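Commentary on secondary and tertiary structure
Now for the letters of each chain:
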Amino acid sequence: LATEGHAHDEPQFVLRSTDAIAGEKSTGSKGQSGSRCSKHALACPSIPSNATTKTNAKLPNPFSFVGDGSPVRTKEDWACRRAEISQLFQTYELGTLPGRPQSLNGTYSGGRLTVNAGENGKSISFQATITLPSSGSAPYPAIIGVGGSSIPTPSGVAVITFNNNDMALQNNADSRGQGKFYQLYGANHSASSMMAWAWGISRIIDVLETLPQVPIDLSRLAVTGCSRNGKGALVAGAFEERIALTIPQESGSGGSGCWRISDAMFADGIVTQTASEIVQENVWFSTAFANYVDKVPVLPFDHHMLAGLVAPRGLFVIDNPDYVWLGPESVWGCMSTGTKVFQALDVADHMGISQVGGHAHCNFPSNQQADLDAFINKFLKGQQTNTNILRNDGNGYGFVESDWVDWSVPKLE
Ligand code: MCU
């Protein structure tokens, strides 16, 4: 499959065996896409250099390889397609996610985890706080909070607070290249702030794997964050397969919204955040992405496929439709389309959406608690709950699926 037209000289275009399991290659811990192509080099097609030459105004088909358009028919095909989608996001939108650095170790004391990472003669040290629950039994499930968690902490669950701004600053567009990630990898590294955060979260998990005295059950990890940090939570959950449950909260455009739908909303006179705006505002995305924000339809992906990277693990999208800036129609349309990947993998109820208004931004409302509990109890507490939750309080906010989806959902064997 990897024939002419493929940029073999561009490392970021070549799918290596580890690409399907980005973020976990160091530890040997099993990801969930353990098919042949995640284990053997060169079993997956590489990304063609002409991946952005076609225009598609609709949401691209997650079940069709970008190169020759060949269909995804099996779970093994999906493992390769997943690796391809990972590479597409890294190449065109988020920058490259480095794996485990040359040296990595850590310590834990007084609720504080210290991570020491070194690469090419440079080293950094960063910390995360771990708040253990006052009930339940060790080892505890844990929620990693990107910049803190703003969902109610469930009983018996620990919270790991990740200082994402320390890893990669996100004050404004001038924050590019600032933060510990860039001290290690250089200020010109292609990783956007969100990719740098994902890297940091993976290193926290790496180090926890070496510290069995920390009473955290690493098979029961969630990641959350709100607003800009919700975008980061979705990216971390998409790229780190050791996270069992991903909970982006009110992440809006750039997170659970799709660029194409947000552009259409904007064209309809709705003042919502678009790709063109977002790259001016902050450094959440790579510098490469700026080349595409005014021609989004050439991108061979959109954020329904970022949701798809999380499958078959748990994904619960919390949103607040009261803020037009977040793009309620875009979020609903994008994420409900994202559920199709979970359907194809026969785990439709591993992804839920709850879009409920009537509350301030990032103030979790009590009327979403039961939805959240269902996901927490299933993915962090091993209970059998009903997670068939696709809920909005606005009839989809105008999203018409047939305007956006021109492909069907295969049943992947
Ligand atoms: C929803 O996340 C962002 C949004 O993308 C920005 O445009 C806005 O300025 O800030 C939001 C946020 O992070 O609020 C805390």
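Residues numbered from 1 in each chain as written. Predicted model: local features only at pLDDT ≥ 70, side-chain atom pairs only at ≥ 80, totals over all residues. Heavy atoms only, no water.

1. Describing the overall build of the protein chain
Check the secondary structure of the protein chain and you find 12 helices and 10 strands. Sorting the 413 residues of the protein chain into buried and exposed places 60% on the buried side. Here the analysis covers contacts within the protein chain between residues at least 6 apart in sequence; of these, 71% occur between residues at least 24 apart. For the protein chain, the accessible surface area stands at approximately 15,200 Å², while carbon and sulfur atoms represent 47% of it. (Helix = DSSP H or I, 4+ residues; strand = E, 2+ residues; numbered from the N terminus. Buried < 20%, exposed > 50% of the residue type's maximum accessible area, 1.4 Å probe, protein only. Contact = heavy atoms within 4.5 Å. Areas by Shrake-Rupley, 256 points an atom, 1.4 Å probe, with all protein chains shown as cover.)

2. Section: the sheet that holds strand 7 (residues 245-249)
Overall, mixed pairing links the 10 strands, which are arranged 1-2-3-5-4-6-7-8-9-10 in an open sheet. Two strands close off the open sheet at either side, each with one partner strand: strand 1 (103-109) and strand 10 (390-392). Within this sheet the neighbouring strands show an average axis-to-axis angle of 20 degrees, counted without direction. Two strands pair when backbone bridges link them, and strand 6 (residues 216-226) and strand 7 are joined in this way by five bridges, in the parallel orientation. When the bridges of strand 7 are listed, Cys226 appears paired with Gln249. Its contacts with the sheet put helix 10 (residues 328-344) on strand 8 (314-319), strand 9 (351-355) and strand 10, and the angle it makes with strand 9 is roughly 165 degrees. (Pairing = 2+ DSSP bridges. Axes fitted to C-alpha atoms, helices over the stretch in contact; angles between N-to-C directions.)

3. Overview of the side chain of Glu93
Within the secondary structure, Glu93 is located in helix 2 (residues 75-94). Lacking a salt bridge, the buried Glu93 has Arg260 as its closest oppositely charged neighbour, with an N-O distance of 8.3 Å. With near-sequence residues (within four places) excluded, Glu93 lies in contact with Leu88, Trp259, Phe285, Ser286, Phe289, Phe301 and His303. (Lys, Arg positive; Asp, Glu negative; His and termini not counted. Salt bridge = Lys/Arg side-chain N within 4 Å of Asp/Glu carboxyl O.)

4. Some details on the site of the ligand
Looking at the ligand, the residues that line it are Ser227, Arg228, Lys231, Glu250, Ser251, Gln273, Glu281, Trp284, Trp325, Leu326 and His361. Measuring from an oxygen atom of the ligand, one finds a side-chain N or O atom of Gln273 at 2.6 Å. Contact with the protein chains covers 76% of the free accessible surface of the ligand, which is 370 Å². In the shell around the ligand, the residues fall into three nonpolar, four polar and four charged. (Near = heavy atom within 4 Å. Polar contact = N/O pair within 3.5 Å; in protein donor to acceptor, adjacent residues only side chain to side chain. Nonpolar A, V, L, I, M, F, W, Y, C, P; charged D, E, K, R; others polar.)

5. Remarks on helix 2
Burial of helix 2 is extensive: 17 of the 20 residues sit out of reach of the surface. Note on helix 2: the residue one or two positions beyond its end, Gly95, has a positive phi of about 85 degrees.

6. A few points about the confidence of the model for the protein chain
The pLDDT averaged across the protein chain works out to 91; a share of 90% of its residues lies at or above 70. Note that pLDDT drops below 50 for residues 1-42; the model gives that stretch 94 contacts with residues more than four away or on any other chain. Confidence metrics for the complex model read pTM 0.91 and ipTM 0.95. (pLDDT = per-residue confidence, 0-100.)

7. Looking at the state of the cysteines
Within this structure, the stated rule accounts for three disulfides. Sulfur-sulfur distance for the disulfide between Cys44 and Cys80 comes to 2.2 Å. In this structure the cystine formed by Cys44 and Cys80 twists about its S-S bond by roughly -80 degrees; its chirality is therefore left-handed. Of this pair, Cys44 sits in the loop between helix 1 (36-39) and helix 2 while Cys80 sits in helix 2; the two residues are 36 residues apart in sequence, bridging distant segments of the chain. Relative accessible area serves as the criterion here: at 6%, Cys80 is assigned to the buried category. The disulfide partner of Cys226 is Cys362, and the gap between their sulfur atoms is 2.1 Å. Measuring the twist about the S-S bond at about -95 degrees, one finds the Cys226-Cys362 disulfide to be left-handed. With Cys226 in strand 6 and Cys362 in the loop between strand 9 and helix 11 (369-379), this pair connects stretches of sequence that are 136 residues apart. (Disulfide = S-S within 2.5 Å.)

8. Remarks on the pattern of salt bridges
Scanning all chains against the criterion turns up 13 salt bridges. Among the ionic pairs, Asp217 bridges to Arg220, the shortest N-O distance being 2.6 Å. Take Arg220: its relative accessible area is 22%, and that puts it in the partly exposed class. Note that Lys340 is salt-bridged to Glu401, the shortest N-O span being 3.1 Å.

9. Considerations on the nonpolar core
One finds Phe89, Trp199, Ile201, Ile204 and Phe239 to be the most contacted residues of the largest nonpolar core, which totals 101 residues. With 11 residues, the single largest contributor to this core is helix 5 (residues 193-209). Apart from residues no more than four positions distant in its own chain, Phe89 is found in contact with Leu94, Gly95, Phe239, Phe301, Asp302, His303, Met305, Leu306 and Leu309. Counting residues in each nonpolar core, the second largest holds 16 residues, with Val157, Phe364, Ala374 and Phe379 among its members. (Core = buried A, V, L, I, M, F, W, Y, C linked by side-chain atoms within 4.5 Å.)

10. What to know about the layout of surface pockets
Computed from the structure, the largest pocket encloses a volume of approximately 360 Å³. Taken together, 21 residues line the largest pocket, and the ones lying closest to its centre are Lys54, Asn56, Pro60, Val66 and Pro300. Taken together, the residues that form the lining of the largest pocket break down as nine nonpolar, eight polar and four charged. (1 Å grid on protein atoms, 1.4 Å probe; cavity = no way out; pocket = protein on both sides within 12 Å on 5 of 7 lines; lining within 4 Å. Points joined across faces, edges and corners; volume = space filled by probe spheres on them.)

11. Quick word on the pairing of strand 1
As a general feature of sheets, a regular strand has side chains that alternate between the two faces. Bridging between strand 1 and strand 2 (residues 112-119) involves seven bridges; their strand directions are antiparallel. Within strand 2, the position partnered with Asn105 by the bridge is Asn116.

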